[in-house]
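Tertiary structure, described
So you can see what is in the structure, the chains are spelled out below.
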Amino acid sequence: PNIVSLAKNVSETLIQQIDHLSNIANAFSQFANIGEAKKEIFEINELIKSISMLHALNESLEIKNQLIETPIMVKADKTQINRLFTNLILNAIQSIPEDRVAEIKIKQKIQSEKIIISVGDNGLGISEEVKYNIFAPNFTTKTSGTGLGLAMCKRIVEQSDGEIWFETELGVGTTFFVQLPIVSIEK
């Protein structure tokens, strides 16, 4: 008797599932194409500021940037580095319980001709059981997602001749560190 309603519900469910599968396929495609980096020299602080500004529109989130004021040039795939920091910020946001004001701190320091950029949160932290798999493909602690985000971040950083690591404290938060070589521009 309610065939029209039932058909509509089934159609909506199918469309949602197709969209979900499309997103998963897209994530795997992006993961597979990381090796095809188009390296260019760019100013990393401008990229971080633009990503931060996008997230600053979220009223339930406070992003604090402590960036070095002089331009910092790196040689990497700019789109992939954008994806890297976007993913680190999104992961940080998702780690923070709803009953806390979300705070993300992005800091920089120069050490031995390299820039170290940290993205810290006031989330739940990463448990001992999970921390050794955190960069493994298909590993996730979330109920949704592909488990490729941090594996993708690791590959992007490695393609850029850098390193990525994290420090965490349960109940206090996690900080991810990205170290990239600085390119000096001769005048």
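Right, let's walk through the structure included here. It should be emphasised that the depicted structure is a prediction, and the values quoted were computed from it without experimental measurement.

1. Details of helix H2 (residues 44–56)
The end-to-end C-alpha distance of H2 is 18 Å, a good match for the 18 Å that 13 residues give at a rise of 1.5 Å each. Buried within H2 we find Ile-44, Asn-45, Leu-47, Ile-48, Ile-51, Ser-52 and His-55. Buried residues of H2, viewed axially, fall in a sector of 160°; they line one side. The exposed set on the far side of H2, more than 90 degrees from its buried face, consists of Met-53, Leu-54 and Ala-56. With a side-chain oxygen lying 3.3 Å from the backbone nitrogen of Asn-45, the N-terminal cap of H2 falls on Glu-43.

2. Some points on helix H3 (residues 78–94)
Over its 17 residues, H3 runs 24 Å from end to end, which matches the ideal 24 Å to within 8%, given 1.5 Å per residue. Buried within H3 are the following residues: Gln-80, Ile-81, Leu-84, Phe-85, Asn-87, Leu-88, Ile-89, Asn-91 and Ala-92.

3. Details of the packing of H3 against helix H5 (residues 149–159)
Where H3 contacts H5, the two axes come as close as 9 Å, and the packing angle between them is 145°. Here the hand of the crossing between H3 and H5 comes out left-handed. The segment H3 lies against H5, with Gln-80, Ile-81, Arg-83, Leu-84, Asn-87, Leu-88 and Asn-91 engaging Gly-149, Leu-150, Met-152, Cys-153, Ile-156 and Val-157. Classifying every residue of the contact of H3 with H5 gives eight nonpolar, four polar and one charged.

What counts, and where the lines are drawn
- Residues numbered from 1 in each chain as written.
- Predicted model: local features only at pLDDT ≥ 70, side-chain atom pairs only at ≥ 80, totals over all residues.
- Heavy atoms only, no water.
- Helix = DSSP H or I, 4+ residues; strand = E, 2+ residues; numbered from the N terminus.
- Expected span 1.5 Å × (residues − 1).
- Buried < 20%, exposed > 50% of the residue type's maximum accessible area, 1.4 Å probe, protein only.
- Arc of directions from axis to C-beta.
- Polar contact = N/O pair within 3.5 Å; in protein donor to acceptor, adjacent residues only side chain to side chain.
- Axes fitted to C-alpha atoms, helices over the stretch in contact; angles between N-to-C directions.
- Left-handed = near helix turned anticlockwise from the far one by under 90°.
- Contact = heavy atoms within 4.5 Å.
- Nonpolar A, V, L, I, M, F, W, Y, C, P; charged D, E, K, R; others polar.

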